[in-house]
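# Architecture and fold: a report
Listed here are the chains, written in short residue letters.
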Amino acid sequence: MTDGISFPRQYARTQRFTLGAPRTFSVGASGERVAFLRSRSGSDRVTALWVYDVATRTERLVADPRHLLDGEPSAAQESARESPQERARRERARESACGVTAYAVDRDARSAAFVLAGALFLADLVHGDVRELPVETPAFDPRPAPDGSRVAFVHNGAVWVVDPDDPERYAGDRALVGEDDPDVTWGLAEFVAAEEMGRLRGYWWAPDASRLLVARVDQSRVQRWHVADPADPAREPVTLAYPAAGTANPDVSLAVVDLAGAHVPVRWDREAFPYLVEVTWAPDRAPLLLVQSRDQRRKQVLRVDVTSGVTSLVHAAHDPVWLDIVPGVPAELPDGRLVWVGHVDGVRRLLVDAVPVSPEGWQVREVVDVSSAGVVFTASEEPTEVHVWRWSTGGDLDRLTDEPGVHAAAAAGEVVVRSSASMTWFGTRTRVGEIRLASHAETPVLTPSVTLLRGGERDLRIALLLPTGFAPEQAPLPVLLDPYGGPHAQRVLAARNAYLASQWLADQGFAVVVADGRGTPARGRAWEQAVAGDLATPALEDQVAALSAVAAARPGLLDLTRVAIRGWSFGGYLAALAVLRRPDVFAAAVAGAAVTDFRLYDTHYTERYLGVDPVGADAAVYDRSSLLADARGLRRPLLLIHGLADDNVVAAHTLRLSSALLAAGRPHTVLPLSGVTHMTPQEHVAENLLLLQVDFVKRALGMT
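Report follows, based on the coordinates. (Residues numbered from 1 in each chain as written. Predicted model: local features only at pLDDT ≥ 70, side-chain atom pairs only at ≥ 80, totals over all residues. Heavy atoms only, no water.)

### Some remarks on the packing of aromatic side chains
- In this structure the tally under the stated criterion is 17 aromatic pairs.
- When the centroid spacing of 6.4 Å and the interplanar angle of 15° are considered together, the rings of phenylalanine 153 and tryptophan 160 count as stacked.
- On the numbers, 5.3 Å between centres and 65° between planes, the contact of phenylalanine 570 with tyrosine 573 is edge-to-face. Separated by three residues within a single helix, phenylalanine 570 and tyrosine 573 lie in helix H9 (residues 570–581), roughly one turn from each other.
- Phenylalanine 570 sits in the buried class, given a relative accessible area of 5%.
- For tyrosine 573, a relative accessible area of 0% translates into the label buried.
- Pairwise contacts between aromatic rings join Phe7, Tyr11, Phe17 and Trp504 into one cluster.
- Between the NZ or CZ atom of arginine 496 and the centre of the ring of phenylalanine 426, over which it lies, the distance is 4.6 Å. (Phe/Tyr/Trp six-rings, centres within 6.5 Å; stacked < 30°, edge-to-face > 60°. Helix = DSSP H or I, 4+ residues; strand = E, 2+ residues; numbered from the N terminus. Buried < 20%, exposed > 50% of the residue type's maximum accessible area, 1.4 Å probe, protein only. Lys NZ or Arg CZ within 6 Å of the ring centre and 35° of its normal.)

In structure tokens, the structure reads:
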């Protein structure tokens, strides 16, 4: 299938080689079944729902969207029929496939609920039957009750519940809980929860299926922004409730709602702790809330009395700089012990009732599952690798992955699904026990040749890629830095697929350098908090240090008079920053979807690093990280790229920097992408963006 195809076309067509691979796993608590998603080929964008039977070691197709919808599904067709909330979820989750892209199961994974083109479907994972439920549409975020007796979903900003065994009893004219107020929604996650906290849901079933905890979000005090499509002036702008740094957040509260619709407000100090980070509700336990202060220096774990709505303090945490959110906590073991992740001597450790139980020196990344069997979690000793561990309630600690690489997991009890990437194979290999699930992902038309280095006074992790077939007499090579370089994301990982685009760039005649500097994950509290009050200086210093480290390790390899940098999102910010502040090092830059002024970015991300008062006490801090004041110093070629439909980093970032550059008389290039969001899922856009970036850099460095 790949004969004669170019890498940019294949990279775009396969959505970065993710299509066809199994993903989004749900393990039933009984250990009998594992549900997952997968498309039928490496270029098929239509994902279907599958189930793996643990006892028989077989997998089978349960829900194929092609059979459930009229004709071949497409993203455009689904978008026309789905809810605005579903479109927002896909953007927040960076989901660019179509078909079944999200689902939820009951406790034992006997049934699964999902939405296709706004319609609600329920799949029997035991027998394979799938049926559409006659509910109000478009439906959003359906979730079966733990016992499978009912299905809840969100429609028109309200929560509804249907009995799948007796659809005629469905109260189609009345929501379980909701309000006739366009500024108020029930059961939905607000923007910063979905984009920055990792919380994509807004309601939670009780373990006994008797009631739900439901979030109420009042957006009335949040400023409104308008994202227009200049390519279609007849189309009305999309109005966003966007809480930019220093402005009002939505008012988020919580209520216990029974199946008759009666609800009891949950009470906590929402003035001091306005962020609802997570809700967990374990069997035979009262629910736990994780709430956070606006400056993100304090967190509380609260227990909810579901009868009165009163909360009591279970655990409090404080950090003078900030506290990160760790997926999977808080949680409780069946015996009531609290599972938490906190720093011990600067290292993020797994804590059980405040006692560290994870290996010394290993940075815990995520808690995957908590059950009577213990705690499954992921952690890193070397930041380029991630491994899966299990701590048992008897105190034993077992490492479940040994091969060098990046490993992830889904689990319930004794059943663990391991997804593994390595430098020795393409893609991800997924195993349930010792059985490997089939992957239909395509094999790339190129093979990265990566040298992982450690260099500089800060022991930076660096990847170096050279053109395929490189011979020493070709040196020195022009250099292209290809970073992300900011909080919450790494580029330098022991996984081959992480370097596919970088290798293609190298094959265009560059030495490509990828480096993770201060602020990136898995290097400890001091490393991550080094960017507090200044997102610019440490990140840029470490990219320059990485370049110097490679030049010192490989004398004569790099042409340091021809160094370019490219990036997207924080990487785009870093690229523009590089040519503005270090034109002595960087000769050209490509900045995609860059945050140019953090006063235009959201509260939860920005205020963690730069403070809560961007026009007052923290104004100097924001100015130090902004690019606008540096515009007059541009002396190098700069290409700015931005999707005009981006609702995360809005196009105003690039337009304001361009305006400042124009006012300063500094030539530059702007490439607007009509109809493109913060993602670039359109195949022709993704392909041609790579080609255009290389062409720009080559011309800027005099390589043509």
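Okay, back to it.
### Structural notes on the sheet that holds strand E9 (residues 130–132)
- What the four strands build is an open sheet, ordered E6-E7-E8-E9; its pairing is antiparallel. With one partner strand each, in any of the chains shown, strand E6 (104–105) and E9 form the two edges of the open sheet. (Pairing = 2+ DSSP bridges.)

### Some words on the nonpolar core
- Of all hydrophobic cores here, the largest spans 96 residues; its most connected members are Leu350, Ile462, Tyr573, Phe586, Phe598 and Leu638.
- If you tally residues by element for this core, the top one is H9, at nine residues.
- Setting aside its immediate chain neighbours within four residues, phenylalanine 586 contacts Leu481, Leu540, Val544, Val563, Ile565, Ala578, Val579 and Arg636.
- Judged by nonpolar contacts, the second largest core, of 33 residues, contains Val450, Val514, Leu689 and Phe696. (Core = buried A, V, L, I, M, F, W, Y, C linked by side-chain atoms within 4.5 Å. Contact = heavy atoms within 4.5 Å.)

### Side note on the sheet that holds strand E10 (residues 140–144)
- As summarised here, the arrangement of the three strands in space is E10-E11-E12, forming an open sheet in which the pairing is antiparallel. Each edge of the open sheet carries a strand with a single partner, namely E10 and strand E12 (158–162). Sheet twist, expressed as the average angle between the axes of neighbouring strands with direction ignored, equals 20°.
- The pairing of strand E11 (residues 151–155) with E12 spans five bridges and is classified as antiparallel. Its bridge partner lying in E12, histidine 155 is registered against alanine 158. (Axes fitted to C-alpha atoms, helices over the stretch in contact; angles between N-to-C directions.)

### Topic: the environment of valine 514
- Summarising the element assignment, valine 514 is placed in strand E39 (residues 511–516).
- According to the relative accessible area criterion, valine 514 is buried, its value standing at 0%.
- Taking the C-alpha atoms as reference points, valine 514 and asparagine 497, 17 residues apart in sequence, are found 14 Å from one another.
- Not counting the four nearest positions on each side in its chain, valine 514 is found in contact with Arg461, Ile462, Ala463, Leu465, Asp482, Arg491, Val492 and Ser502.

### Observations concerning the pattern of salt bridges
- Evaluated as defined, the whole model comprises 43 salt bridges.
- Across the salt bridge formed by glutamate 382 and arginine 454, the nearest N and O atoms sit 3.7 Å from each other. Remark: arginine 454 occurs in strand E36 (residues 450–455) and glutamate 382 occurs in the loop between strand E29 (374–380) and strand E30 (387–391); sequence separation between them is 72 residues.
- By relative accessible area, which is 21% here, glutamate 382 ends up partly exposed.
- In this structure, arginine 582 and aspartate 584 form a salt bridge, with 2.8 Å as the shortest nitrogen-oxygen distance.
- Members of the salt-bridge network, linked through shared partners, are Arg92, Arg94, Glu195 and Asp647. (Salt bridge = Lys/Arg side-chain N within 4 Å of Asp/Glu carboxyl O.)

### As for the pairing of E10
- With five of five residues buried, E10 lies mostly within the body of the structure.
- Sheet topology note: the E10/E11 ladder contains three bridges and is antiparallel. What sits directly across from arginine 143, in E11, is alanine 152.
- Here E10 folds back onto E11 in antiparallel fashion, the turn holding six residues, of which glycine 148 has a positive phi close to 80°.

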